[in-house]
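# Summary of structural features
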Amino acid sequence: MLLSFRTIMRLLTHNMLTSHVKGVTNGYPLKLQAENIKVMSVDFNPEFVARMIPKLEWQALIQAAESIGHLGDLPRELMPEYESNEEFLKMAHHVLMEVEVIEGNLECPETGRKFPIKNGIPNMLLNEDEV
Amino acid sequence: MAAPVCSTGWRKYLLWLAHEHLEFRIPEIQSIAQAVGSPLEICDTDYDIKSHPFVELRLPSEEDARKIIGRSFLSRCLLELWGTGQTAEELHKVLRDYPTELSVPYMRQDTSFRYQVAAFGKTLTMRRKKDIIDALDFLPFQGRVDLKNAEHTFYVLEDYGDDPTKTPEEPYRTFFGRWIGDGQRKLIDKYAVRKRHHIGETSMDAGLSFVMANMAATRRNAVVFDPFVGTGSLLVSSAHFGSYVLGTDIDSHIIHGWGRSTRHNKKWRGEDENIRANLRQYGLEHLYLDVLVSDAARSVWRPCQLFDAIITDPPYGIREASQRLGTKDNNFVREEDCEVQSPTKTAYTLSDLLTDLLNYAAKHLVVNGRLVYWLPVYRPDYTEKILPRHPCLRLVSNCEQVLSTDISRRLICMEKVRDYQESDSAEIVVNPYREHNAIRDKYLLLAKEKKLKQRTKKDAQTKRTSSNSPTQET
């Protein structure tokens, strides 16, 4: 398997990002528009996935995954005792860590302002008039 | 010497520290103990560790001892301490009194052992080493001596102090113990900056970046963040300990790996000179989460306790000028070949940077998570009051690395003790950081003065040698 040297943005990261344009009160979640996606195999670490899930906004994850067509069978609601459900954790791992956005945009839900993703790296810098 | 085993069953160990970065050594060990989940008790002795780098500790188990020494970069080795004395006679007496139930497992016929004799502050002759070993004849070892693959190694460690002009004939103190493990100083070579794929102008030496990861008590499955990630050198050390890593930087060139290379003989950074490639070099790529181009002064994260540790070396303007997005006309020249939008940047005082950093940490660290960062200090004016404070963060340690007579930097380690509230805010009680690039100016001025002194000295020397040296003619 040829490892790509390009960097990526993961859905795990997207779940944490918010728009910080001046004056915006509803900047989360950013709408994900992906022009180029890669699915790459990443070592499955169930403890890590289980640790991350409480930090996530689950609905935002579902929305984002669905919008780029990679939701798969991931349940729309978290079930109790998901930490010990290996099958579930595997699906969550896939969506959080293995779906990589290479090119695209993150759009502020309130202002429509787009933050570009290039080479897998989101550029969150604001313009002078937005700070 | 006090009892080798105290009432709680904790044994005594001897830690032989490295003789550098003096202030960092004990905080490093204490942070490591926290990271591996081991309680640790430092014994009260009269050793002045600045000149005699030995610490006696108590630990609950040998497993804990191994875990701790297995992460330390500022320690040479750890021994299970059997005895110590200011003279050989004293040591031998203590060893004769060592409880049999503790020594018996290592004296058995079916085991193998060997001695190592080492000294701090002196190079011992082979003769001396042999004499020392011979004098231990009374120890009831029944096993086989195996110099290459012994099951158990026993150290005799002599302390001659660190003053080469005053090396005594006999050591100040001798220690005897069973070897548990060595510190990780060899890894420093493996991760040495010159070997690393991606070098920026301020890549910190590998040893200190591991010390920072230890101070932050990073561990497996933690999430570690660097808001001034640059080339990612601090992320490599956290990934080494099994943490997942994330970074942001305002400079898209560095993040993408574009632009001029700071390594000799290389013009442009290759596409594979980015942070992810750096991690890949050490087999740590699976721990890479993401990097983003972003201004550390403006958090891009939703309000959430995301990070177990924030580890960073902020750009305090000494080598790379500080920048921040603003609305002034301060065009910054670094835009060659840049397709990515780079808004003009304005002065960002160190004072703002530090308060922003602490506020950021208070918001986004988990409770008990740590912030570890370097603070530049003008030494003549230093007091504890210049350390930035925040109601959510408590100061864990503050270690000085002296860079010149007047300038040093301090590694500050803070721990989040409670949840963040809207009213919480960072403050700097006595604030030398308000003027833009104030520290940088002082540093540059001193560097200039030094250069001038050196040049004057060199000129004087050249004059002398050219008038003295005879011309060589065949």
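The structure contained in this document is the topic of the report that follows.

Criteria and thresholds
Residues numbered from 1 in each chain as written. Chains lettered and ligands numbered in written order. Predicted model: local features only at pLDDT ≥ 70, side-chain atom pairs only at ≥ 80, totals over all residues. Heavy atoms only, no water. Helix = DSSP H or I, 4+ residues; strand = E, 2+ residues; numbered from the N terminus. Buried < 20%, exposed > 50% of the residue type's maximum accessible area, 1.4 Å probe, protein only. Contact = heavy atoms within 4.5 Å. Areas by Shrake-Rupley, 256 points an atom, 1.4 Å probe, with all protein chains shown as cover. Core = buried A, V, L, I, M, F, W, Y, C linked by side-chain atoms within 4.5 Å. Salt bridge = Lys/Arg side-chain N within 4 Å of Asp/Glu carboxyl O. Axes fitted to C-alpha atoms, helices over the stretch in contact; angles between N-to-C directions. Left-handed = near helix turned anticlockwise from the far one by under 90°. Nonpolar A, V, L, I, M, F, W, Y, C, P; charged D, E, K, R; others polar. Pairing = 2+ DSSP bridges. Phe/Tyr/Trp six-rings, centres within 6.5 Å; stacked < 30°, edge-to-face > 60°. Lys NZ or Arg CZ within 6 Å of the ring centre and 35° of its normal. Right-handed = clockwise from strand over helix to strand, strands pointing away. Arc of directions from axis to C-beta. Buried area = accessible area lost by both parts, 1.4 Å probe. Polar contact = N/O pair within 3.5 Å; in protein donor to acceptor, adjacent residues only side chain to side chain.

When you go through chain B residue by residue, the secondary structure sums to 12 helices and 17 strands. Classification of the 474 residues of chain B by burial places 55% in the buried group. Sequence-distant contacts in chain B: of pairs separated by 6 or more residues, those separated by 24 or more amount to 73%. Accessible surface computed for chain B: about 22,500 Å², of which carbon and sulfur atoms make up 48%.

Counting residues in hydrophobic clusters, the biggest one holds 117 residues, and the most contacted among them are W301, F307 and L371 of chain B. Contacts of F307 of chain B, omitting those with residues within four sequence positions, involve V223, F225, L246, W301, Y360, H364, L365 and V366 of chain B.

So, on to the pattern of salt bridges. Residue and element names in this part refer to chain B. Within this structure, the stated rule accounts for 30 salt bridges over all chains. The partner of E62 in a salt bridge is R178, with the nearest N and O atoms 2.5 Å apart. Here R178 lies in strand β8 (residues 173-182) and E62 lies in helix α2 (residues 62-69), a separation of 116 residues in the sequence. Among the residues examined, R178 registers a relative accessible area of 4% and is labelled buried. Here the salt bridges do not stand alone but share partners, grouping R11, E62, R66, E80 and R178 into one network.

Bringing the packing of helix α3 (residues 58-67) of chain A against helix α4 (residues 86-98) of chain A into the picture now. Residues and elements named next belong to chain A. Contact geometry of α3 with α4 gives a least axis separation of 11 Å together with a crossing angle of 65 degrees. Handedness of the crossing formed by α3 with α4: left-handed. For the pair α3 and α4, the contacting residues are W58, L61 and A65 in the first and F88, A92, V95 and L96 in the second. The class makeup of the residues in the contact of α3 with α4 is seven nonpolar, no polar and no charged.

Once that is clear, we can look at the sheet that holds strand β17 (residues 407-416) of chain B. Residue and element names in this part refer to chain B. Taken together, seven strands build an open sheet; the order of strands is β11-β10-β9-β12-β15-β17-β16 and the sheet is mixed. Every other strand in the sheet has two partners, leaving β11 (288-293) and β16 (393-402) as the edge strands with one partner each. Pairs of neighbouring strands in the sheet enclose a mean axial angle of 15 degrees, with direction left out of account. Taken together, the four bridges between strand β9 (residues 223-226) and strand β10 (residues 244-249) define a ladder with parallel strand orientation. What sits directly across from V224, in β10, is V245. Sheet strands in contact with helix α7 (residues 206-215) are β12 (307-312), β15 (365-378), β16 and β17, and its direction is about 140 degrees off that of β15.

On to the sheet that holds strand β7 (residues 152-159) of chain B, then. All names here are of chain B. Judged by pairing direction, the sheet is mixed, and its eight strands sit side by side in the order β2-β3-β1-β4-β8-β7-β5-β6 without closing on themselves. One side of each edge strand has no neighbouring strand; the edge strands of this open sheet are β2 (41-42) and β6 (144-145). Pairing geometry for strand β5 (residues 112-120) and β7, over eight bridges, is parallel. Bridge assignment links A118 to a residue of β7, and that residue is L157.

It is worth spelling out the packing of aromatic side chains at this point. Residue and element names in this part refer to chain B. Inspection of the entire model under this criterion finds 25 aromatic pairs over all chains. Connected via pairs of aromatic rings, a cluster forms that spans W82, Y98, Y106, F113, Y115, F141, F154 and F176. Just above the ring of W16 sits the side chain of R76; from NZ or CZ to the centre is 3.9 Å. Looking at R96, its charged tip hangs above the ring of F138, at a distance of 4.1 Å from the centre.

This part takes up the pairing of β9 of chain B. The two faces of β9 of chain B match: V223 and F225 of chain B on one face and V224 and D226 of chain B on the other face are all buried. Crossover handedness for the path β9 of chain B to helix α8 (residues 233-240) of chain B to β10 of chain B: right-handed.

As a further point, take helix α4 (residues 100-107) of chain B. All names here are of chain B. Listed in full, the buried residues belonging to α4 are L102, S103, Y106 and M107. On an axial view of α4, the arc spanned by its buried residues comes to 125 degrees, and they lie on one face. Within α4, the exposed residues directed more than 90 degrees away from the buried face are T100 and E101. Against β1 (11-17), α2, β4 (75-85), β7 and β8 lie the buried residues of α4.

Below, the discussion takes up α3 of chain A. All names here are of chain A. Burial in α3 covers these residues: W58, A60, L61, I62, A64 and A65. For α3, the secondary structure elements touched by its buried residues are α1 (11-16), β2 (31-39) and α4. Positive backbone phi, approximately 75 degrees, marks G69, located one or two places after α3.

It is common to report an interface's size as the accessible area lost on association of the parts. Between chain A and chain B, the contact holds 40 residues from the first and 42 residues from the second. Overall, the association of chain A and chain B removes approximately 3,700 Å² of surface from exposure, summing both partners, and the carbon and sulfur fraction of that is 56%. The tally of links between chain A and chain B comes to one salt bridge. The residue inventory of the side of chain A that touches chain B, partitioned by class, reads 18 nonpolar, 11 polar and 11 charged.

Right, let's get into unusual backbone geometry. Residue and element names in this part refer to chain A. In the segment running from Y28 into P29, the intervening peptide bond is cis, with an omega of -5 degrees. Tracing the chain through its elements places P29 in the loop between α1 and β2. In this model, E81 sits at a positive phi of 60 degrees, which is unusual for a non-glycine residue. Turning to its location among the elements, E81 is positioned in the loop between α3 and α4. Backbone geometry at N119 places phi at a positive 60 degrees, although glycine is not the residue there. Along the chain, the position of N119 falls in the loop between β4 (114-118) and β5 (121-122).

Turning to the environment of T18 of chain A, a few remarks are in order. Here T18 of chain A shows up in the loop between α1 and β2. C-alpha of T18 of chain A to C-alpha of F88 of chain A: the two residues are 70 residues apart in sequence and 27 Å apart in space. Ignoring any residue separated from it by four or fewer positions in sequence, one finds T18 of chain A in contact with G27, Y28, L30 and M124 of chain A together with V300, W301 and R302 of chain B. A polar contact is formed between the side chain of T18 of chain A and the backbone oxygen of G27 of chain A, at a distance of 3.3 Å.

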